[in-house]
Amino acid sequence: MSQSPRPLVWHPFLLALYPVVFLYAANAGEARLNQVWFPSALLELLAGALILLGLALYRDLRPAGVLASAVLVAFCFYGHVSRPLGQVHLGEMTPFRHRVLVPVMLLALLGLAWGLFRRKDSWSGLTSVLNGASVLLVALALLPAGQAWLTRPPRTALASEEAIAQRSPIRRDSRTRPDIYVIIADEYARSDAMRKTFGVDDSAFLDSLRNMGFVVARGSQCNYSRTTPSLASFLNMEYLPGLQPDDPLDPPRDPQWADMIRRNRAMAFVRSQGYRTVSYVSSWTATQGIEDLDVEVDSTPHFNEFTGLLIRGSFISFLQDVLGLANLDPEAAHRTRVLDILNDLQTRPGDSDRPTFTFTHVPAPHEPFVLRADGSLIPREAKERLGFENTFFYSTPAAQERMYRAFYPDQARFVAGRLETIARTLLERPGPKPIILIASDHGSWLSLVRLPHKERYEPSPEVLAERYPNLVALHMPGVSQQDLDGISLVNVLRLILREGLHADLPPLPDRFFFVGKHLREVTEPVLRNRRAALLQAEATP
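Numbering of residues begins from 1 in every chain and follows the order in which that chain's sequence is written. Owing to the predicted nature of the model, reporting of local features is limited to residues with pLDDT of at least 70; listing and counting of side-chain atom pairs is limited to 80 or more, with chain, interface and lining totals taken over all residues. To get the side-chain values, all heavy atoms of the structure are used, and hydrogens and water are removed first.

Asks: I'm lost on the overall build of the chain in this one. Help?
Replies: Helices and strands together make up the secondary structure of the chain, namely 20 helices and nine strands. Taking all 541 residues of the chain together, the buried fraction comes to 52%. It only takes one pair of heavy atoms within 4.5 Å for two residues to be counted as in contact. Of the contacts made within the chain by residues no fewer than 6 positions apart, 77% connect residues no fewer than 24 positions apart. The protein chains shown are the only cover counted for residues, whose accessible areas, like all others here, come from Shrake-Rupley with a 1.4 Å probe. Of the roughly 24800 Å² that the chain leaves accessible, carbon and sulfur atoms contribute 59%. Helix and strand assignments follow DSSP, with helices taken as H or I runs no shorter than four residues and strands as E runs no shorter than two, numbered in order from the N terminus. For every residue, the accessible area (1.4 Å probe, protein chains only) is compared with the maximum for its type, and the residue is labelled buried under 20%, exposed over 50%, or partly exposed between those bounds.

Asks: How do you make sense of the pairing of strand E6 (residues 435-439) when you look at a structure like this?
Replies: Taken residue by residue, a regular strand's side chains alternate between the two faces of the sheet. For E6, the buried fraction is high: five of the five residues fall into the buried class. With burial as the criterion, each face of E6 is covered, one bearing Ile 435, Leu 437 and Ala 439 and the other bearing Ile 436 and Ile 438. We call two strands paired when DSSP finds no fewer than two bridges between them. Examined bridge by bridge, strand E1 (residues 180-185) and E6 share five bridges and lie parallel to one another. Following the sheet pairing, Ile 183 is matched in E6 by Ile 438.

Asks: Can you walk me through the packing of aromatic side chains in this structure?
Replies: Each aromatic ring pair is summarised here by two numbers: the centre-to-centre distance and the angle between the ring planes. Any two of the Phe, Tyr and Trp rings considered here, Trp counted by its six-membered ring, make a pair once their centres fall within 6.5 Å; the pair's planes then place it as stacked at under 30 degrees, edge-to-face at over 60, or tilted in between. Under the definition given, this model contains 13 aromatic pairs. Ring geometry for Phe 198 against Tyr 408: centres 4.5 Å apart, planes inclined by 20°, an arrangement best described as stacked. Here Tyr 408 lies in helix H15 (residues 397-427) and Phe 198 lies in helix H6 (residues 191-198), a separation of 210 residues in the sequence. Here Phe 198 matches Tyr 408 in class, with each residue buried. Grouping aromatic residues by their ring pairs yields a cluster made of Phe 198, Phe 369, Phe 392, Tyr 404 and Tyr 408. Across the ring face of Phe 388, the terminal group of Lys 383 is positioned such that the distance to the ring centre comes to 5.1 Å. Sitting over a ring, as applied to charges here, requires NZ of Lys or CZ of Arg to be within 6 Å of the ring centre and within 35 degrees of the ring normal. Sitting above the plane of the Trp 445 ring, Arg 467 keeps its charged end 3.3 Å from the centroid.

Asks: I keep staring at the sheet that holds strand E3 (residues 276-280) and nothing clicks. Help me out?
Replies: Hydrogen bonds along the backbone pair up the strands of a sheet, which may run parallel or antiparallel. Taking strand neighbours across the sheet as the criterion, the seven strands line up as E2-E7-E6-E1-E5-E3-E4 in an open arrangement whose pairing is mixed. The open sheet terminates on both sides in strands that have one partner only, identified here as strand E2 (215-216) and strand E4 (295-297). Pairing between E3 and E4: three bridges, direction parallel. The partner of Tyr 280 across the bridge, within E4, is Val 297. Every axis in this analysis is a line fitted to C-alpha atoms, fitted for helices over the stretch in contact. Angles between the N-to-C directions lie between 0 and 180 degrees. Each of E1, E3, E4 and strand E5 (356-362) touches helix H13 (residues 330-347); the most contacted strand, E5, lies at about 155° to it. In the packing of H15 onto the sheet, the strands contacted are E1, E6 and strand E7 (472-475), and the crossing angle to E6 comes to about 175°.

Asks: It is not clear to me how unusual backbone geometry should be interpreted in this structure. Could you clarify?
Replies: Across residues other than glycine, the phi torsion is negative in most instances, and most of the peptide bonds are trans. Cis geometry marks the peptide bond from Ala 364 to Pro 365; its omega dihedral reads 15°. Cis geometry marks the peptide bond from Glu 367 to Pro 368, where omega comes out at 10°. Considering the arrangement of structural elements, one finds Pro 368 in the loop between E5 and helix H14 (380-384). Although it is not a glycine, Met 237 adopts a positive phi angle of roughly 60°.

Asks: Teacher, can you tell me more about the nonpolar core here?
Replies: It is characteristic of soluble globular proteins that their nonpolar side chains tend to be buried jointly. Among the buried residues, those of types Ala, Val, Leu, Ile, Met, Phe, Trp, Tyr and Cys that are joined through side-chain atoms within 4.5 Å form a nonpolar core. Within the largest apolar cluster, 63 residues are counted, with the highest numbers of intra-cluster contacts made by Tyr 188, Leu 209, Phe 214, Tyr 404 and Ile 438. Sort the elements by how many residues they give to this core and H15 lands first, with 14 residues. The contacts of Leu 209, once residues within four sequence positions are left out, are Phe 214, Ala 423, Ile 438 and Ala 473. By size, the runner-up hydrophobic cluster in this structure holds 54 residues, among which are Leu 243, Phe 359, Leu 474 and Ile 496.

Asks: Honestly, the environment of Phe 513 in this entry has me stumped. Any pointers?
Replies: Positionally, Phe 513 belongs in strand E8 (residues 513-515). Distance in space between the C-alpha atoms of Phe 513 and Cys 222 is 9.1 Å, their sequence separation being 291 residues. In this view, Phe 513 contacts Asn 223, Tyr 224, Ser 225, Tyr 239, Pro 245, Tyr 468, Leu 519, Arg 520, Glu 521 and Val 522; residues no more than four positions away in its chain are not counted.

What follows is the structure, encoded as C-alpha cells:
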C-alpha cells in the first residue's frame, strides 16, 4: 500500500511572520510597510536556521519543524508572558520573574526536543495541523489591516493642493536666498510654564538665543494638544479640515494627520521656489516618507518604534533586563537616534547651488526619558527605582509622574544646550544668514500623566495651563518682538513664508483644541492663559 506524500513544513515560517503581521495590523494606518520587511527577514532567517538545526538532529523535516515552531513561539512571545506574570505577587514574593520563567521555558523546550527523539511514529498529521493553524493565525492577524484598508476614509483634501500665491516676485537670485531651518523640539515647554511646573530656569538658553539675534516669543501657544495634529496643522498652515468641535475621534485620526504631514503645504511651496528639501526621520513614524523630498535622513532605518515594540514582546526583553545588553534596548536606541539627528543637523553641509529648507523633529525632551543633562544615558535602574515597568507608558500613573519630575528637566537642559550650539554653528557659516525656527509642538504633560488613564481624555484647567504654552524662537531679519508675542503655532510658518518668500499667507484667527476621545475646542481658556502670560511678561524686567 503506497504511503501518502509527506506534507510540506511551512508552519515555522508562518509563525515567524505572525508577531510582525499582528503588530502591523494592530497599528494599521500608523505603521508603514517599509518598517516590516527587516524584522520579517530576520525572523524568517531564524526559522530557517532552527529548521536546519532540527534536521541535523532528527534527519526529518517534520519533527525539525515542530521544534523550530516551539522555539519561535517561545522567543517571540516571552516578553508578553513575562511582563504580566512578573507583576504577580504572592504575599511578599514575586514567583514568576525571569529566574523562574526562563528555566521553565528551557526545560519545556528540552523536554519537547527529547520527546521528538523518543517518538517514532508519523508526524504528518501534526504537521498538517500546525500548517493549518499557522495559516489561520496569520489570516486572522491580517483581517484588521484589511478592514482598515477597505474602510479607510479618502485622503484629506488639503490646502496644500492649491498653489500659494505670492504678493510680489522675489527679486533675489535663488543662490543668495537664505537657508531655512525648522527645528521642532518635541514637548519643550515655554519658559514660564517650565519654571512653574518643574522649577527649571532656562533663561540662560533663551538669553543666548537672543544674543545671536533670535526673537523669543512670549505667550506663544500650540493649537492642538498632541504631536500629530499639532504638526499636521503647523506644516500645512491651516486648522485640520473636516473636524468640528466635539466630533468623536474614534477611530483615531492619526493616520490621516500623518498623511497630511507627509504631503504638507509648506514643503510643497518652498520646492516651488527652488528650495532643496531635507527632512529627518525621528522615532515618530509620521516623519518617515514625506513626499518629494530631496534628502531623507534616517540614521537607524532598521531600528524604530515598530521594531522596539517587537523587541519588548520577545525573549530579547530578558537579555536586556538580566544580561544588561543595552544595545538591544529600544530606549538606548532612542537616545542614539536623538544624538544622531542633532549631530547630523549640526554638521550637514548646505547646497552651494540652491537654498535648503530643512525640517527636523527632535523627539526630546518628550519621553522616553533617556538623556541626562550631559547627554549620557539614564540607567534603567534609576528609572526602575521610581516604578519603571519596561516602558514609560506601561508604568503606573504614579510612576510616570515620578519619572517626569525626575528626568524631564535634565532632558530639556540637554536639548537646550545642543540647540544653542547648533544655532550658533549654523549662523557662523559663510553666506547669507539662515532663517532658523526653534519651536515645540506643545508643552509638557505632567498634569495629565498623574491622572488614571481613563481620566486623560478631557481637558482640565491644569492641563490647559501646562500643555499649550510652547517654545517659539525665530532668527529672521525684520521680525520684531511684537510679531511673535502671543503667536500660535499655525501662524508661525505663515509668518516666515510671508515675510521671507512673499507668500500670500495672512495670519489666521487663533483657535485651540484638545485632542482626546473627542475634539474639544478650548479657545477661550487658552486665550485667557495667554493674556495672563503676556501681562506677566510685560511686568517682568
